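Residue-level listing of the chains:
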Amino acid sequence: MRVREILKAKGSEVSTVRADLTIGALAQRLRDARVGAMVVTGETGLIEGIVSERDVVYAMAEHGAGAASRRVGHIMTAGVITCTPDEAVSDVARTMTHRRIRHMPVTEKGRLVGIVSIGDVLKNRLGEMELEANVLRDVAIAAR
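Residues numbered from 1 in each chain as written. Predicted model: local features only at pLDDT ≥ 70, side-chain atom pairs only at ≥ 80, totals over all residues. Heavy atoms only, no water.

## Regarding unusual backbone geometry
- Its identity is not glycine, yet Arg34 carries a phi of approximately 55°, on the positive side.
- Overall, Arg34 belongs to the exposed group, its relative accessible area being 76%. (Buried < 20%, exposed > 50% of the residue type's maximum accessible area, 1.4 Å probe, protein only.)

## Overview of the pattern of salt bridges
- Enumeration according to the criterion identifies five salt bridges in this entry.
- Here Glu108 makes a salt bridge to Arg4, at a shortest N to O gap of 3.5 Å. In this pair, Glu108 sits in strand β4 (residues 103-108) while Arg4 sits in helix α1 (residues 3-10), placing the two residues 104 residues apart along the sequence.
- Accessibility expressed as a relative area gives 31% for Arg4, which makes it partly exposed.
- Taking the shortest distance from any N to any O, the salt bridge between Asp91 and Arg94 comes out at 2.8 Å. Here Arg94 and Asp91 lie together in helix α4 (residues 89-99), a separation of three residues that amounts to about one turn.
- Its relative accessible area of 44% is what places Arg94 among the partly exposed residues.
- Several salt bridges share partner residues, and in doing so they unite Arg4, Asp86 and Glu108 into one network. (Salt bridge = Lys/Arg side-chain N within 4 Å of Asp/Glu carboxyl O. Helix = DSSP H or I, 4+ residues; strand = E, 2+ residues; numbered from the N terminus.)

Set out below in structure tokens:
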């Protein structure tokens, strides 16, 4: 299965923010959008980074209440790992596990076209395993 199928099922909407937004405003936007991460984009729409709830928590632990007035650009991860719609979900799962990341933007020809979470990937992989188990069970029953 390919990432494209996950995006077809969940949609391709991606919540984005600018690096100059305050962390306090980011926290509100994460809550309102009910997402765990947002892609940081510049004026041209190119990916500059990614920022997650975890980044907000770490900033609060380090800077206290003053973190809310700091900028997203101070806490975002700049080296964003992305995938393409044509990548195998199993490869994306492996990358997310090894790199310990929970959200991966999906790009096509340099353009942001979606985002997948570890939850999306696991849901897909579980569905594949359930289908495989059902097929094997049907083969075993038919072979009797």
